[in-house]
Amino acid sequence: MVDAASVLSETAWPLTLLLAWLVGEYGFQRLRLPRICAYALVGFALAPTQAGFLPQAQSPTMVLLANMAFCLILFECGYGINLRWLRSNPWIAATSVLEASLTFAAIYGLLTWWGQPMATALLLAALGMATSPATLMRIVTECRSSGQATERLLYLSTLNTVLAVFVFKIILGWAVLRTSGNIFAAAYGSLVVFGISVVLGMFAAVLTLLLLRVLRRCGQDSTLAFALAVISLVALTFGLKLSPVVATLTFGLWARHGRMVLNASQRGFGSLGSLFSVLLFVFIASRLQWDQVVAGLDIGLAFVGVRLAAKVLGIGLLAHPSGISWRKGFFIGLGTVPTPALVILVLEQTRLLGNMLVDQLVPLAAATLALEFIGPLLVQWALVWAHEAPAFREV
Amino acid sequence: MPLEPFKSSDSLSLGVELELQLVSLSDFDLTEASPDMLELLRRRPFPGQVTPEVTEGMLEIATDVHTRHAPLLRQMQSMRDTLVQAAERLNIGICGGGTHPFQMWSERRIFQKARFQEVSNLYGYLTKQFTIFGQHVHVGCSSADEALFLLHALNRYVPHFIALSASSPFVQGNDTFYQSARLNSVFAFPLSGRAPFVRTWKEFEQQYFAKMEYTGVVKSMKDFYWDIRPKPEYGTIELRVCDTPLSVERAAALACYLQALCKYLLEQREPPPAEDDYLVYNYNRFQACRFGLEGTLVHPKSYLQKPLGEDILATLRRIEPQAQALDCMAALQHLRKAVQQGSDANLLRRAMVEHGNVESMVHAALQRFCHSEPIRESVFTDG
C-alpha cells in the first residue's frame with residue numbers, strides 16, 4: 001500500500017521548488033521582478049506555519065543543502081576578490097570598516113533603546129553588518145551588470161560578511177563566558193572555530209589546485225571540480241560544527257591567489273548555481289513565521305531603516321576619496337541592504353546558544369521578510385540607476 | 001551636408017589615437033568601465049585627450065600634434081602612466097591588443113551618447129562586434145592634393161603597418177589563426193576597404209563625395225571606414241589599419257615609421273601611384289592579416305613576390321636618411337627589432353601555449369602595457 005501522507009511529505013520540497021521556479025520565471029519575464037523575490041514569496045507562503053504545505057519537522061538534509069547553496073556563492077565571492085586592489089586603493093577597506101562599524105553601532109543603539117537585552121542586541125548588531133552576497137550575486141548575474149557599483153557591492157558584501165561572522169563569534173564567546181564562566185568553552189565557540197575553519201579552507205584550496213594540476217585539467221573548465229570541492233568542504237565543516245561560511249570564503253580567496261586566474265569557469269556555477277539558489281531562497285523564507293513577523297513589525301522596520309541609513313552614510317562619506325562619484329556611492333549604499341542575517345544564524349549552528357535567541361528573533365523575522373522581497377528589487381534598481389544594468393532587457 | 005574644405009596643416013606633423021581595453025582584474029574579462037574611468041580622470045588634468053568609445057569596455061586616447069619621436073613618446077608614456085594609476089584605484093586593468101581574446105560581443109553595452117546610439121541602431125549587432133581596438137595615425141598635409149597623393153602612394157606599405165602592429169590572434173575565446181583578426185571585423189562594414197582612386201581634391205569632392213552624398217548612403221567623411229581616409233577638418237590623412245599594439249613604445253614607433261615613409265614618398269622617389277596598384281591590394285592586405293611578418297607580398301608594379309618581413313627591413317634601410325632628418329632613428333630601430341623578435345600576436349600566443357588558458361593572454365597584455373619592457377617571468381603556476 002502506498003502511504004499517501006508519506007508520499008506527500010516526501011514530494012513537498014521538490015514540488016515547492018518547482019512552483020517557486022515557475023513563479024520566478026513568470027515574474028521575471030512579465031514584470032521584470034528578480035527571480036529570487038518570487039522564490040522567497042513561495043517559500044514563505046508554503047511554510048509549515050503559513051499554508052503548511054512544507055513539512056513541519058526541520059530536515060537536517062535541507063539545512064545542509066541550503067548551506068551548500070550559500071557557500072557556493074561565498075566561494076565565488078572569495079574567488080573574485082583581488083587582494084591587490086585593497087592595497088592599491090586603501091579606501092575600499094576603509095569604507096568597509098566604516099560602514100560596518102556604523103551599522104553595528106546604529107543597530108545596537110536601536111535595539112538597546114527598544115529594550116532588548118544586551119547580548120541579543122550585540123549579536124543582532126553583528127549579524128546586521130553583513131550584506132547578503134547570495135542576493136547580490138544572483139541579481140548581478142541576472143541583470144549582467146558591471147561597473148564600479150557592481151564591483152564594490154560584491155567586495156563590500158564579502159568583506160562585511162567576514163567581519164560579521166568574526167564579530168558574531170567573538171560576541172558569542174563573550175556571551176558563553178558570561179553565562180558559564182568557562183573560558184575554554186568560550187574560546188572554542190568563537191576564536192578556535194574561526195581559526196580552524198580558516199585553516200580547513202586553505203587546506204581545501206591547496207588540495208584542489210594540486211589535484212587539478214596532477215590531472216592536467218588546468219586549461220579546461222574547472223567549474224565542476226570547484227563545486228564538488230566546496231560541497232565536500234561544507235559537509236565536513238557542517239559535520240564538525242565549524243564555520244562553513246568562513247571556510248568556503250577562505251577557500252575561494254586562497255584558490256584564486258594560488259593560481260592567479262579563474263579560467264573558464266561558469267559564472268554563478270551555471271545551472272547548478274541556479275538550482276541551488278532556488279533552494280536557498282525558498283528555504284530561508286520558509287523559516288519565517290507570520291506571527292513573529294507581525295509581532296516584530298515595528299522594530300523590524302526600524303531595524304531595516306537604521307541599517308540602511310548607516311550603510312548609505314558610511315559608504316557615501318568615503319565615495320569621493322575612494323575614486324567614485326557621490327551619486328554612485330549613494331547607489332552602492334542602497335544596494336547593500338539585503339541581509340543574510342537569518343541565513344548565517346541558521347547555518348552557523350548556534351547550538352551553544354541553545355534557545356536563547358530563538359524567542360528574541362522577533363525583530364529579525366520582520367526585517368528578513370521585508371528584505372527578502374525589497375532587497376533584491378532595491379539592488380536591481382540601484383544598479384539600473386547607476387547605469388550598470390540595462391533598464392529593460394535588451395534583445 | 002557638403003564636404004568641408006580641406007584645412008591645411010604642417011606637412012608631416014603627427015597625431016596618434018589609441019583605442020584601449022578596460023578589463024576587470026577579478027576575471028580578466030572586458031568590463032564596462034569607461035564611465036567610471038572618465039569620471040575619475042576628470043578630477044585631474046589629463047596629459048592628452050581621453051574620450052569614450054562606442055562600447056563601455058573601450059577608452060580612446062589621443063596625443064597633441066607632434067613633429068618628433070621623443071616628445072610624442074614622452075606624451076604617450078605620460079598618458080599611459082596616468083591611466084594605469086587611475087585604473088588601479090578602480091580594480092581595472094588597461095591594455096592594448098587589437099581584440100580582447102575572449103570577451104563575448106553580446107555582453108557589451110553601448111556608451112550613452114547620441115552618435116553611438118545612432119550607429120548602434122543602424123548597424124545592429126555589428127556595433128557591439130566592433131568592440132575592437134585600433135591605432136589611428138594622423139599625418140599632416142599642406143594641401144588636399146598632397147593628402148590624396150600620400151593616401152594612394154602608401155597603398156603598397158599598408159601591409160607593413162598591419163603586420164607590425166598585429167596583436168589580435170584570438171576572437172571570442174578561439175584562435176583565429178590570423179595575426180590581425182581585428183581587420184576582418186572592420187571589413188564587415190559596407191564602406192570599408194580602400195578609398196576610390198581619385199588624385200585631386202576637386203575631383204574627390206565633385207566626382208565622388210557629392211555623388212555618394214546624393215545617393216543618401218553617406219552624410220560625412222565619418223561614414224567611411226577606409227584603411228586610409230582624408231580628414232579635411234584636421235588637414236590630415238588617417239591610417240586606420242593598425243591594431244593597438246601592446247605597448248605605447250610600439251605605437252609611437254609605428255607613427256614615426258609612417259612619418260618617415262611619407263617624407264620619402266613626398267620626395268617623389270617612387271613611380272607615382274596608379275589605379276592598377278590596387279589589383280594586388282586586397283591580397284597583400286590578407287597576407288599581412290593572416291600571416292603577419294611571415295606573409296608574402298606581391299609588388300604592385302613588378303608583381304615580384306617577397307617575404308613581408310624582408311620587405312619591411314629593406315624599407316627601413318631605404319628611408320634612413322628621412323628618419324635621420326626627422327630625428328626618429330630610434331623608432332626605426334625599435335621596429336627592426338620587432339621584425340626579428342616577432343609580433344605582439346606571437347607574444348600573446350606564446351602566453352596561451354605556456355599557460356593553457358585565454359586569461360593568461362590578457363595578463364601578458366596588461367604586463368606589457370604598464371611596464372614597457374619584455375614580459376617578465378610569469379606568475380602563472382599552472383601549465
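Residues numbered from 1 in each chain as written. Chains lettered and ligands numbered in written order. Predicted model: local features only at pLDDT ≥ 70, side-chain atom pairs only at ≥ 80, totals over all residues.

What about the overall build of chain B?
Alright, step 1. For chain B, the helix and strand inventory stands at 15 helices and 13 strands.
Alright, step 2. Taking 21 Å as the expected radius of gyration for a compact globule of 383 residues, we find that chain B reaches 20 Å, a close match to that expectation.
Alright, step 3. Projected onto its principal axes, the C-alpha positions of chain B cover 55 × 45 × 35 Å.
Alright, step 4. For chain B, long-range pairs separated by at least 24 residues make up 75% of all intrachain contacts whose partners lie at least 6 apart in sequence. (Helix = DSSP H or I, 4+ residues; strand = E, 2+ residues; numbered from the N terminus. Rg over C-alpha atoms; globule rule 2.2 N^0.38 Å. Contact = placed C-beta atoms within 7 Å.)

As for the confidence of the model for chain B
Residues and elements named next belong to chain B.
Alright, step 1. Overall, the prediction assigns chain B a mean pLDDT of 91, with 97% of residues at 70 or greater.
Alright, step 2. Ignoring residues within four places in sequence, the model shows residues 374-383, a span with pLDDT below 50, making 22 contacts including any to other chains.
Alright, step 3. Predicted complex, confidence summary: ipTM 0.84, pTM 0.87. (pLDDT = per-residue confidence, 0-100.)

Concerning the packing of helix α7 (residues 133-143) of chain A against helix α8 (residues 148-180) of chain A
Residues and elements named next belong to chain A.
Alright, step 1. Taken N-terminus to C-terminus, the directions of α7 and α8 make an angle of 160°; their axes are 9 Å apart at the nearest point. Considering the angle they form, α7 stands roughly antiparallel to α8. Considering the relative orientation of α7 and α8, their crossing is left-handed. On α8, the residues that touch Pro133, Leu136 and Val140 of α7 are Thr150, Leu153, Leu154, Ser157, Thr158 and Thr161.
Alright, step 2. Looking at the contact of α7 with α8, its residues break down into five nonpolar, four polar and no charged. (Axes fitted to C-alpha atoms, helices over the stretch in contact; angles between N-to-C directions. Parallel < 35°, antiparallel > 145°, perpendicular 65-115°, else oblique. Left-handed = near helix turned anticlockwise from the far one by under 90°. Nonpolar A, V, L, I, M, F, W, Y, C, P; charged D, E, K, R; others polar.)

As for the nonpolar core
Alright, step 1. Ranked by internal contacts, the top residues of the largest apolar core, which has 239 residues, are Ala126(A), Val230(A) and Leu150(B).
Alright, step 2. A total of 16 residues in this core trace back to one element, the largest contributor, which is α8(A).
Alright, step 3. Excluding residues that lie within four positions of it along the chain, Val230(A) makes contacts with Cys71(A), Leu72(A), Phe75(A), Thr248(A) and Phe251(A). (Core = buried A, V, L, I, M, F, W, Y, C linked by C-beta atoms within 7 Å. Buried ≥ 20, exposed ≤ 12 C-beta atoms within 10 Å, placed from the backbone.)

Brief notes about unusual backbone geometry
All names here are of chain B.
Alright, step 1. Located in the positive-phi region is Phe177, a residue other than glycine, with phi close to 65°.
Alright, step 2. For Phe177, the position within the fold is in the loop between β7 (174-175) and α7 (182-187).
Alright, step 3. Of note in the backbone geometry, Asp327 takes a positive phi value of approximately 65° without being a glycine.
Alright, step 4. As for its placement among the helices and strands, Asp327 is situated in the loop between α12 (320-326) and α13 (329-341).
Alright, step 5. When the 15 C-beta atoms within 10 Å are taken as the criterion, Asp327 is described as partly exposed.

Comments concerning helix α5 (residues 144-153) of chain B
All names here are of chain B.
Alright, step 1. α5 sits mainly inside the fold: eight of its 10 residues count as buried.
Alright, step 2. Taken together, the buried positions of α5 are occupied by Ala144, Ala147, Leu148, Phe149, Leu150, Leu151, His152 and Ala153.
Alright, step 3. Of the surrounding elements, those touching the buried residues of α5 are β5 (134-140), α8 (201-215), β10 (228-231), β11 (236-243) and α9 (248-266).

Here's the deal with the pairing of strand β2 (residues 49-52) of chain B
Alright, step 1. The pairing of β2(B) with strand β3 (residues 58-62) of chain B spans four bridges and is classified as antiparallel. Within the sheet, the bridge partner assigned to Gln49(B) lies in β3(B) and is Ala62(B). (Pairing = 2+ DSSP bridges.)

So, the environment of Ile315(A)
Residue and element names in this part refer to chain A.
Alright, step 1. By the element assignment, Ile315 lies in helix α14 (residues 297-317).
Alright, step 2. Its 28 C-beta neighbours within 10 Å are what place Ile315 among the buried residues.
Alright, step 3. Taking the C-alpha atoms as reference points, Ile315 and Gly333, 18 residues apart in sequence, are found 5.8 Å from one another.
Alright, step 4. Once residues lying within four places of it in the same chain are set aside, the contact partners of Ile315 are Thr95, Glu99, Gly329, Ile332, Gly333 and Thr336.

Regarding the packing of helix α1 (residues 34-41) of chain B against helix α2 (residues 69-89) of chain B
Residues and elements named next belong to chain B.
Alright, step 1. In contact at an axis separation of 10 Å, α1 and α2 are set at 115° when each is read in the N-to-C sense. Relative to α2, α1 is oriented roughly perpendicular. For the pair α1 and α2, the crossing hand works out as right-handed. For the pair α1 and α2, the contacting residues are Met37, Leu40 and Leu41 in the first and Ala86, Ala87 and Arg89 in the second.

A few points about the pairing of β10(B)
Residues and elements named next belong to chain B.
Alright, step 1. Side chains of β10 alternate between two faces, with Ile228 and Pro230 and Arg229 and Lys231 buried alike.
Alright, step 2. Inspection of the sheet shows β10 paired to β11 by four bridges, in the antiparallel sense. Residue Ile228 lies in a different strand from β11, and its bridge partner there is Leu239.
Alright, step 3. As consecutive antiparallel partners, β10 and β11 are separated by four residues, and within that stretch Gly235 has a phi angle of approximately 70°, a positive value.

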